[in-house]
Amino acid sequence: SHSRSFTIKASSSSTTIVEPEGIKITSVPTKPIEGQKTGTSGLRKKVKVFMEENYLSNWIQSLFNSLPPEDYKNGVLVLGGDGRYFNREASQIIIKIAAGNGVGKILVGRDGIMSTPAVSAANGGFIMSASHNPGGPEYDWGIKFNYNSGQPAPESITDKIYGNTLSISEIKMAEIPDVDLSRTGVTKYGNFTVEVSVFDFQLIKSLLTRSDFRFAFDAMHAVTGAYAKPIFVDKLEASLDSISNGVPLEDFGHGHPDPNLTYAKDLVNTMYSENGPDFGAASDGDGDRNMILGKKFFVTPSDSVAIIAANAQEAIPYFQGGPKGLARSMPTSGALDRVAEKLGLTFFEVPTGWKFFGNLMDAGKLSICGEESFGTGSDHIREKDGIWAVLAWLSVIAYRNKDKKPGEKLVSVSDVVKQHWATYGRNFFSRYGYEECASEGASKMIEYLRGLASKSKAGEKYGKFAINPSTPYIGNCHLSILLLFDCLKLLIVGNYVLQFADDFSYTDPVDGSVASKQGVRFVFTDGSRIIFRLSGTGSAGATVRVYIEQFEPDASKHDMDAQVALKPLIGLALSVSKLKDFTGREKPTVIT
Ligand code: G6P
Ligand code: ZN
């Protein structure tokens, strides 16, 4: 800690204090203003009143005059609000006075936006809001101050502030430029720092530092190794041993740096062990993919993006004003569609590939999107973002547990997912990947399916094809009563009525460009889908992808294992496509 010695330079109307670290602080003369007594919840007046000269500045300076300097000197203050009219101007005033009074750092929500509970997670902060009162130039503005454990300032302090507004004579303003609050990142002025964030790091830290919450991040010896420690350990105070495979290596430590149940085996084993961590995540070679796990629980990427979207507004400051729109790639399950519908958001279905989201983001139509291929992201950048997804999930879990006392049972990852299913229904989803097939057979299969789709008619029944004695599943039926029961169920429920089948084609709503032949899909009247496409990311032969999805509204069936629930539909997909005949493959190489 350093002590500040100010040198005072006289000037005509104001005094400039040259501070050792280089920021100039101006002492602006002022006079007391009547009526600045805080009400039940901070100071609220019409916008016009706050815009009068020094009205806001007087109150903010009086507040600093009321606090013991050790409470804020070189400390961190949070600044956020509900995005109402005058918040932008007010933010700049508050930042300058805070710096002028020796605050070390201000954490601001992007565009100054952050909810009251989010600010409350910090040790001291300003909330620019008149809560439920109307906003706009003719209406209300307000400011609240939350004290060191995040609670609204007690009367002992608000009385002092009021007293000081009646005797104030100077405002200490730092001479720094306006801070661009639309750009996330850190700006330094001497020893004073302004950080504009997407996430509420205080909230996440409050979760990661709990003794009853354990976090595990597997960097898979790839690029996120360089980010994991600075972000999760240094900044958010997770314990150092929560990071595994954190050193980037040329051969990824002999691993295959793809975060899924097959290749992130170390993490999966840890998460499924007795007394394993509460939250697990991994990222891929270049850091854009992610996998999210709970204790003995896997969150499918399709569910993950839907759950982030459903919780974004309350848990992530960046989305405080509500997401603009949602989007997924075609093979990704329809879980996100249901969230969009419920929240009344515009929704887009694009072909596989992140490039299709960018135009929608640039046009201001899309905030949150994801793909079944372990990509999740938002319009803060134009690529999917593995660490972002982990921070988004940590935000959701932290938000749900912010009031939990030590010893109280926490809301877990699986609780969040199951509650989501109970509200929206569950989209059972699985992807079968057949890697390195001979290209010829794989292409012929897609051609065959394309032909089938083009000849298909709505109303056709598909279920009966599922009963194919040559599939290993049927072959095993006699092995147990349980499997026999499954077979009977297959016979009964295996009746899928076709709604339509096609080869997906997409017209970009922004520039009108068309992408065709993006995957053959069979969509049934109950919302079930089977989809076939060839991977565009392999390096040898062809990788066939089969995506299987079935919607289940009945919560009593949500606990079923996806592979069990989807068995009839998987059988149907394999028989419809004649996959074994075309590729010679009995089994997929990767199931996600
Ligand atoms: C890359 C792209 C993703 C895409 C995925 C599909 O990761 O960035 O946007 O979803 O590939 O891979 P696939 O192997 O199915 O073509
Ligand atoms: Zn990647």
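Quick caveat, the model's predicted, so the values are computed rather than measured.

To continue, consider the overall build of the chain. The number of helices and strands found in the chain is 19 helices and 28 strands. Across the 592 residues in the chain, those meeting the buried criterion constitute 47%. Counting only contacts in the chain whose residues sit at least 6 apart along the sequence, the fraction spanning at least 24 positions is 71%.

Time to look at the sheet that holds strand 10 (residues 185-189). The pairing of strands in a sheet comes from backbone hydrogen bonds and takes either a parallel or an antiparallel form. Taken in spatial order, the 7 strands line up as 4-8-7-5-6-11-10 in an open sheet, and their pairing is mixed. With one partner strand each, in any of the chains shown, strand 4 (43-46) and strand 10 form the two edges of the open sheet. Across the sheet, the axes of successive neighbouring strands diverge by a mean angle of 15 degrees, strand direction being ignored. Sheet topology note: the strand 5 (residues 76-81)/strand 7 (residues 125-128) ladder contains 4 bridges and is parallel. Pairing of Gly 80 across the sheet is with Ile 127, part of strand 7.

Neighbouring ligand 1 are Ser 329, Thr 352, Gly 353, Trp 354, Glu 371, Ser 373, Gly 375, Ser 535, Gly 536, Thr 537 and Arg 545. For the shell around ligand 1, a count of residues per class yields 1 nonpolar, 8 polar and 2 charged. For the shell around ligand 1, the two domains that each supply at least three residues are domain 2 (204-424) and domain 3 (426-591).

Here we take up the UniProt feature "domain: Alpha-D-phosphohexomutase alpha/beta/alpha" (unreviewed entry) in the chain. UniProt annotation of "domain: Alpha-D-phosphohexomutase alpha/beta/alpha" (unreviewed entry) refers to residues 36-169, 205-293 and 302-422 when read in the numbering used here. For the annotated span residues 302-422, helix accounts for 46% and strand for 15% of the residues, and the straight-line distance between the end C-alpha atoms is 16 Å.

Our next topic: helix 8 (residues 265-272). Taken together, the buried positions of helix 8 are occupied by Leu 267, Val 268 and Met 271. Relative to the axis of helix 8, the buried residues are bounded by an arc of 100 degrees and lie together on one face. Where helix 8 is buried, its residues meet strand 12 (215-218), strand 14 (279-283) and strand 15 (290-294).

Looking now at the nonpolar core. Core analysis: the biggest nonpolar cluster contains 79 residues, and Ile 204 and Ala 309 have the highest contact counts within it. No other element matches helix 12 (residues 386-400), which puts 12 residues into this core. Setting aside residues up to four positions removed in sequence, Ala 309 forms contacts with Pro 323, Leu 326, Leu 336, Val 339 and Ile 368.

To continue, consider the environment of Gly 135. Looking at the secondary structure, you find Gly 135 in the loop between strand 7 and strand 8 (140-146). A tally of 18 C-beta atoms within 10 Å means that Gly 135 is categorised as partly exposed. For the pair Gly 135 and Tyr 85, spaced 50 residues apart in sequence, the C-alpha to C-alpha distance is 6.1 Å. The contacts of Gly 135, once residues within four sequence positions are left out, are Arg 84, Tyr 85, Ala 130 and Asp 140.

Turning our attention to the confidence of the model for the chain. Should the pLDDT be low somewhere, the predicted coordinates at that spot are not to be read in detail. On average, residues of the chain carry a pLDDT of 88, and 89% of them reach 70 or more. Across residues 1-20, where pLDDT falls below 50, the model places 29 contacts with residues more than four positions away in sequence or in other chains. Contacts of residues 465-478 to residues separated by more than four positions or lying in other chains number 28 contacts, the stretch itself having pLDDT below 50. Among the prediction metrics, the complex's ipTM stands at 0.95, with pTM recorded as 0.75.

In this section: the pairing of strand 20 (residues 375-378). The alternating pattern of strand 20 places Gly 375 and Gly 377 and Thr 376 and Ser 378 on opposite faces, both of which are buried. Inspection of the sheet shows strand 19 (residues 368-371) paired to strand 20 by 4 bridges, in the antiparallel sense. Paired with Glu 371 across the two strands is Gly 375, which belongs to strand 20. Here strand 19 folds back onto strand 20 in antiparallel fashion, the turn holding 3 residues, of which Phe 374 has a positive phi close to 70 degrees.

Let us now look at the packing of helix 2 (residues 55-66) against helix 3 (residues 87-100). Close contact between helix 2 and helix 3 brings their axes to 10 Å; oriented N to C, the two are set at 35 degrees. The element helix 2 and its partner helix 3 pack so that their crossing is right-handed. Within the contact between the two elements, helix 2 uses Leu 56, Ser 57, Ile 60 and Gln 61 and helix 3 uses Ala 90, Ile 93, Ile 94 and Ile 97. A breakdown of the residues in the contact of helix 2 with helix 3 according to their chemical character gives 6 nonpolar, 2 polar and no charged.

This part takes up the sheet that holds strand 26 (residues 529-534). In space, the 6 strands of this open sheet follow the order 22-25-26-27-21-28, with antiparallel pairing throughout. Looking at strand neighbours, the two that pair on one side only are strand 22 (498-503) and strand 28 (590-591), the edges of this open sheet. As paired elements, strand 21 (residues 426-437) and strand 27 (residues 542-552) share 10 bridges and run antiparallel to each other. Across the sheet, Arg 426 pairs through a bridge with Glu 552, a residue of strand 27.

Those residues of helix 11 (residues 355-362) lying buried are Phe 356, Phe 357, Leu 360 and Met 361. Mapping the buried residues of helix 11 onto a view down its axis gives an arc of 135 degrees, with all of them on the same face. If you follow the buried residues of helix 11, they end up packed against strand 17 (325-329), strand 18 (346-350), strand 19 and strand 23 (506-507). Count one or two residues on from helix 11 and you reach Gly 364, which has phi positive near 70 degrees.

Let us look at unusual backbone geometry. Of note, Met 220 is a non-glycine position whose phi angle comes to about 55 degrees, a positive value. You can see Met 220 is positioned in the loop between strand 12 and helix 7 (225-235). For Lys 517, which is not glycine, the phi torsion reads 55 degrees and is therefore positive. As for its position among the elements, Lys 517 is in the loop between strand 24 (514-515) and strand 25 (520-524).

Reports of interface size often rely on the accessible area that becomes lost once the parts have come together. Partitioning the chain into structural domains gives domain 1 (27-197), domain 2 (204-424) and domain 3 (426-591). For domain 1 versus domain 2, the distance between C-alpha centres works out to 33 Å. The interface is formed by 12 residues belonging to domain 1 together with 8 residues belonging to domain 2. When grouped by side-chain class, the residues that make up the side of domain 1 that touches domain 2 number 5 nonpolar, 6 polar and 1 charged.

It is worth spelling out the environment of Val 108 at this point. Structurally, the position occupied by Val 108 is in strand 6 (residues 105-109). Residues Val 108 and Leu 181, 73 residues apart in the sequence, show an inter-C-alpha distance of 7.6 Å. Among residues more than four places away in sequence, those in contact with Val 108 are Leu 79, Gly 80, Ser 91, Leu 181, Val 194, Glu 195 and Val 196.

On a regular strand, each side chain points to the face opposite its neighbour's, so the side chains alternate between the two faces of the sheet. Counting buried positions along strand 6 yields 4 of 5 residues, so the element is predominantly enclosed. Inspection of the sheet shows strand 5 paired to strand 6 by 4 bridges, in the parallel sense. Bridge pairing in strand 6 places Val 78 opposite Leu 107. Regarding the hand of the β-α-β motif, the stretch spanning strand 5, helix 3 and strand 6 is right-handed. Here 5 bridges tie strand 6 to strand 11 (residues 192-197), and the two strands are oriented parallel to one another. Each residue of the ladder has a partner; that of Gly 109, found in strand 11, is Ser 197.

About the thresholds
Residues numbered from 1 in each chain as written. Chains lettered and ligands numbered in written order. Predicted model: local features only at pLDDT ≥ 70, side-chain atom pairs only at ≥ 80, totals over all residues. Helix = DSSP H or I, 4+ residues; strand = E, 2+ residues; numbered from the N terminus. Buried ≥ 20, exposed ≤ 12 C-beta atoms within 10 Å, placed from the backbone. Contact = placed C-beta atoms within 7 Å. Pairing = 2+ DSSP bridges. Axes fitted to C-alpha atoms, helices over the stretch in contact; angles between N-to-C directions. Near = placed C-beta within 6 Å. Nonpolar A, V, L, I, M, F, W, Y, C, P; charged D, E, K, R; others polar. Domains from an automatic or database assignment. UniProt positions renumbered as here; feature names shortened; annotations may be inferred. Arc of directions from axis to C-beta. Core = buried A, V, L, I, M, F, W, Y, C linked by C-beta atoms within 7 Å. pLDDT = per-residue confidence, 0-100. Left-handed = near helix turned anticlockwise from the far one by under 90°. Right-handed = clockwise from strand over helix to strand, strands pointing away.

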